[in-house]
Structure formats: structure tokens, C-alpha cells
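Letter by letter, the chains look like this.
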Amino acid sequence: MQRTHTCGQLNQEHIGKTTVLCGWVDTVRDHGGIIFIDLRDRYGITQVVCDPDDNAAATEIAKSTRPEYVIKVKGTVRGRPADMVNDRLSTGGIEVIGNEVTILNRSKTPPFPLEEAKAEKVSEELRMESRFLDLRRPSVQERLRKRHKMSIAIRQFMDAQEFVEIETPILTKSTPEGARDYLVPNRVTPGTFYALPQAPQQYKQLLMMGGLDRYFQIARCFRDEDLRADRQPEFTQIDVEMSFVEAEDLYGIIDGLLASVMEASGHPVPELPLPRISWHEAMDRFGSDKPDLRFGWELKDLAPVFQGTQFKVFGKVIEGGGAVKAINAKGLAGVPIRQIDEWTELAKSHGMGGLAYIRVQEDGSWKSPIVKFFSEAEIEGLKSTLEIEVGDLILFAASDTTLVVNEFLGRLRVETATQAGIIPEDEFKFTWVTEFPLFESNEAGRLVPMHHPFTSVLPEDMHLLETDPAKARAVAYDIVLNGVELGSGSIRIHDPERQGQMFDLLKISEEEKNSRFGHLLNALSYGAPPHGGIALGFDRLAQLMAGGNTIRDVIAFPKNHKGIDLMMDAPSTVDAKQLHDVHIQLDLPPETEG
Ligand code: ASP
């Protein structure tokens, strides 16, 4: 071993001992000829002192070092004088008198300062170009270490529950998770391609058909989709599948898993079972299928208040079966009109005519463009429904489509609460959202699966598949934390006939059925057990547990918002021979040529 201790190890107990440390020069300071070096490694920082009166040669070398040089120091541990003790460091009570300093490697001046406070201000692009340097920062390392602790906790928990971790192929076939596939050309059979897995969905179902009973994997997935919303083209899922279960059993396992992950990452263990709310109720009360339960400000239905109202805008909507709802943004009565204008634009972008509001002023009076149209009874109704007080800002939404009102107010609920600064940052509020709709309509108005086409219908909604499939609910669920969707799953269809019907409902042709899903339909017809599962986004979970502003902060080598690894410069062009080998000819759009 080159070293006897790490830079985070020495303390008062080691005073008088000889030690050999290796690490990076964090800082070098010259105090009247005496050289102080803060020596850093993954474990901490130790102060090294070289005094020319004690050891001229070592001091000379120490003096010649620069930040990020890699050095080895042999020396003796000495207690620091009481007034020099640094309580912020575990090694703050000691220093090492350097008797022998060896430069193991020099470093050019880093393209950005590695000191935490300064590095945080540097552009992320610059840090990513030299990510190996960025990784030297203690905060970055700490997050990666926490992520590691989480994976250990996951494996231990799942193992104790009899789950088997199984790796599934990366070179595979397209599986429908709603994104575009990454394709890999197959040299051996010209014109054929592998797809990288968007999720191990079909493999994990096939594992259940293979009798493995309980599977999990910390699995890499690949989706070629828009990256704007803090996503990565490759990401990691905690992928789970179980046989002979109902949704209830699955909630139990994942509750336990999340509790152990919370514990492993140093957070208070939540009370179990985690709360549950149906999709319908979540949309109704919070205007979101991923409700943030750290604060109230629920959406209130005003149809009972405005039934038969003289105010035509609301009256017409209610008569037509639409929705009139509002939220009470407590304490925001004084927001500038500019802000209301912005929210009005938001309302319009959601397809509403505008945004009505009431500001409840200091003297209790209401400032609002619409209250003059309200009756006494309606005003009383509003007061009690929305629990109106001085300082409140009431924001209304009305539309013939209830979903539009819910989604808009749901968004506004989060924006206003963020603006008011009332969302507690150190709280963790989980909830299950259950009974998702089986289908949603795509832009072309066609039914597409809300989750994926292997999801089973809620037994009591089975009849709707024939009469009104758009209304059918699925045995599909999400687990949500602080307004973020952590994972989705479902109880699957295990009957080949039902799976076939589902493909028919989705208008998947006979030919496509066979070419894309033949293997699955075949396997389902050989005694497939009832089964279900879930996948949790591990990157997002790690970010929420370990801190950081984006999932890139908990990924060692993330890609930027264009899917580019700036350090490796990937993706990149390949040479003609490589293309020729895989039978590919480029046909590039004009602007990318040359
Ligand atoms: N494969 C699904 C996904 O990646 C999760 C699941 O149904 O288990 O979202």
C-alpha cells in the first residue's frame, strides 16, 4: 500500500504516529516560508505543514505544488493548538508535519475552480466537459456514495423478500413504452436491427411465465425522446415483477422498499402503509395525477355554489356539464397585476377564455372583476367552500371539459404555492395513485394505452371494453413523491385471448400482432401465471434522497439536454468502413452535411 491512512481518517488519537497520506492538493498556502497544504481524497481533507527549519527538502517540494497535483506525504501527526482547531473537519484537531513529500503527478490548471462555492457558479457545460474533475468535488462524490448506499439497501431488501435479480438483454426488440427506440444495426443479417430496451417489460413478464416468481433488476433503459424535462436518454429503473399477486401485494412490497431506501439515505422512515388515492380523486382534488401532498390548496368544485347563477360565464358551463372550480392561494392577495397577467396567459394556453380572481384586501373587501355579478348567497357559498380570509387570492377556472379545469388549476396550485414559498423542502410525502384510466386519446383522437398494452382492466370495468372503453379503469398505479412520479406499474393481462382483444382494441393489425408480440402471445398460452409489477425511476429517487438540482447530479456521466456526453463527445460520426460493415448508407438532411 502506498498510504497508511486516508485524508479523512486521522484525529487526536493518532497524535505522535507516523503516517503516509496520498491525495490531491486542494490548496497550498505560504505563511512566511512555512507551507500549508490541504490534502484531499474521497474521505476528507488533512492539513499538511512543511517547515523549512525542520525539513528544507520536503518544504521545497511542497512549495512547488499546485492545486490538483497528486502527492504523497510521509510525516508525523501533531495536535493543533486549541485556537487552530477546525471543528468543521473530522481531521480538524490535527495536522501532519511533512517529512517527505513526493509529487506523484502534476496537474495543469483546471478549466474551472473545484472549490464547491465557485464550482457551483460555473456553467454546467464546462463542468461536464471535464466531468472527471467535477467528480473530485466532495458534494458530487457524496451524492454518488448515497446512491450506492441506496442500491445496496434495495438489493438487501429485495433479496430478503425472495426476489431474484436477473439481467435482461440490452440488445433486444422494440417494446412499446411510448418513446422512440434506439436502434443498433445487425452486421450479420443485413437490414435487421436490434432495439435497445425502453424497459425490460416483456422480459420480466416472460420471467414470470418461466416460473421465476419474483424478479427485480436495477436496469438500464433507453428512450429516444424529448429531453427537455430533466430526462436522460439512458436511465436506470428499479424494475420489479411478481407472480400470483394483486395490486395490494405489490403496494406492500414497494412500501417496504421505499422505507428501507429512506432509511439508507438518512431520512425519516415514512409511516406505512403509504397513503393511496384514486386517479379520479387525485385529478379532482389536486388537478394532477402526481399530487404534491406537502401542502393543501385543494381544488374546490363550485358547481353547488353557482347552480342556476345569473353570472352567465359560470352558468352556461355548469348547465352544459362542465366544471367551475377554484383554488385559494393563501396570502397572495398582493401579487402584482403582472403576475396575474402571466397566469391568465397560462389559462389561455390551457384552452380557457381567461382567469377570474378575487383579491381579499386588508379591510376585508374583495377586489375582483367578477364579484359584482354574484348574489349574496353565492358570496356566502364561496366564503365557506374556499374558507376565505383576509390576504387570500382566489383563482377560478371554468370549462366545458372538466379535465382542462383540473389540469390548469393543478398547475396553478403548484405555481402559486411555490411563489408563496409554502412548500416544505425537507418533507417527504409519498402517495400511491391507483386506478388509472386504461386508455387515453392521442392527438389523432385514437385510443392508446395510458400505461402500456399489457395492463389489465379493473374487473368491474370489464364490460366497458365493449361499450365505452375510454371510460374503463385499469389496475394500474403510480407511486408519487412530493409531486414527482417515481414509478408506474400494473397488474398484467395473463390470458392470451384478453391480450389479443387488447391489441384489437388498439387497432394493432394481425400482422403486427404476430411480428411484434407473437412471442408474448405464444408464451401466454402455455400456462402464464397471474402477475404484475412496477418500475421506479432510480435516478429521480436518488436525486430526491441525495439532493442535487437535476438527475444529472446523481449520475456519474450524464448527458446534456441534447443527449450529448460532452466529455467523450458522444454521439459522434463513424468511419466509412464501420458503416459499410453494418450495411448502412447515410442520407443526411442538407444542413448537417460536411
Ligand atoms: N415497464 C413499465 C415502465 O417502464 C413499468 C411497469 O409496468 O412495470 O414504465
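The preceding data block contains the structure.
First, a word on what this report is: a plain description of the structure on this page. (Residues numbered from 1 in each chain as written. Predicted model: local features only at pLDDT ≥ 70, side-chain atom pairs only at ≥ 80, totals over all residues. Heavy atoms only, no water.)

## As for the packing of helix H6 (residues 201-209) against helix H16 (residues 510-524)
Applied cut-off: Every axis in this analysis is a line fitted to C-alpha atoms, fitted for helices over the stretch in contact. Angles between the N-to-C directions lie between 0 and 180 degrees. Under the scheme used here, helices are H or I runs from DSSP no shorter than 4 residues and strands are E runs no shorter than 2 residues, and both carry numbers assigned from the N terminus. Should an angle lie under 35 degrees it is considered roughly parallel, over 145 roughly antiparallel, and from 65 to 115 roughly perpendicular; all remaining angles are considered oblique. What makes a crossing left-handed is the near helix being turned counterclockwise from the far one by less than a right angle; a clockwise turn instead makes it right-handed. Pairs of residues are marked as contacts when any of their non-hydrogen atoms sit within 4.5 Å.
As a packed pair, H6 and H16 sit with axes 10 Å apart at the nearest point and diverge in direction by 20 degrees. For the element pair H6 / H16, the angle class is roughly parallel. By crossing handedness, the relation of H6 to H16 is classed as left-handed. Facing Gln202, Leu206 and Met209 of H6, the residues of H16 in contact are Arg516, Phe517, His519, Leu520, Ala523 and Leu524.

## Digging into the sheet that holds strand E20 (residues 476-481)
The condition that has to hold: By this definition, two strands are paired if DSSP reports at least two bridges between them.
Ordered in space as E6-E9-E10-E22-E21-E20-E17-E11, the eight strands form an open sheet in which the pairing is mixed. Two strands in the sheet have a free side with no partner beyond their single neighbour: strand E6 (164-165) and strand E11 (276-278). Summarising the sheet, strand E17 (residues 430-434) and E20 pair through four bridges and their orientation is antiparallel. The residue bridging Trp432 from the neighbouring strand is Ile479, located in E20. Along the sheet, helix H5 (residues 138-160) contacts E6, strand E9 (214-222) and strand E10 (234-243); its crossing angle with E9, the most-contacted strand, is approximately 150 degrees. Each of E9, E10, E11, E17, E20, strand E21 (484-491) and strand E22 (531-537) touches helix H7 (residues 247-264); the most contacted strand, E22, lies at about 30 degrees to it.

## So, the sheet that holds strand E14 (residues 356-360)
Spatial strand order, E12-E13-E16-E14-E15: five strands in an open sheet with antiparallel pairing. Strands with a single pairing partner mark the edges of an open sheet, and in this sheet they are strand E12 (300-301) and strand E15 (366-367). Where E14 meets strand E16 (residues 393-399), four bridges bridge the pair, whose relative direction is antiparallel. Bridge pairing links Arg359 to Leu393 in E16.

## Some points on the nonpolar core
Heads up, the condition is: As used here, the term nonpolar core means buried Ala, Val, Leu, Ile, Met, Phe, Trp, Tyr and Cys residues forming a set that is joined through side-chain atoms within 4.5 Å. We call a residue buried when its accessible area falls under 20% of the maximum for its residue type, exposed when it is over 50%, and partly exposed in between, using a 1.4 Å probe and counting protein chains only.
Membership of the largest hydrophobic core comes to 39 residues, with the highest contact counts inside it found for Ile154, Met158, Val240, Ile254, Leu258 and Ile534. No other element matches the nine residues that H7 contributes to this core. For Ile254, the contacting residues outside a window of four places in its chain are Val240, Trp432, Ile534 and Leu536. Phe454, Leu465, Phe503 and Ala523 belong to the second-largest nonpolar core, a separate cluster that totals 29 residues.

## So, the environment of Gly211
Within the fold, Gly211 resides in the loop between H6 and E9. As for Gly211 and Asp181, which are separated by 30 residues in sequence, their C-alpha atoms are 29 Å apart.

Limitation: the analysis is restricted to geometry and does not speak to function.
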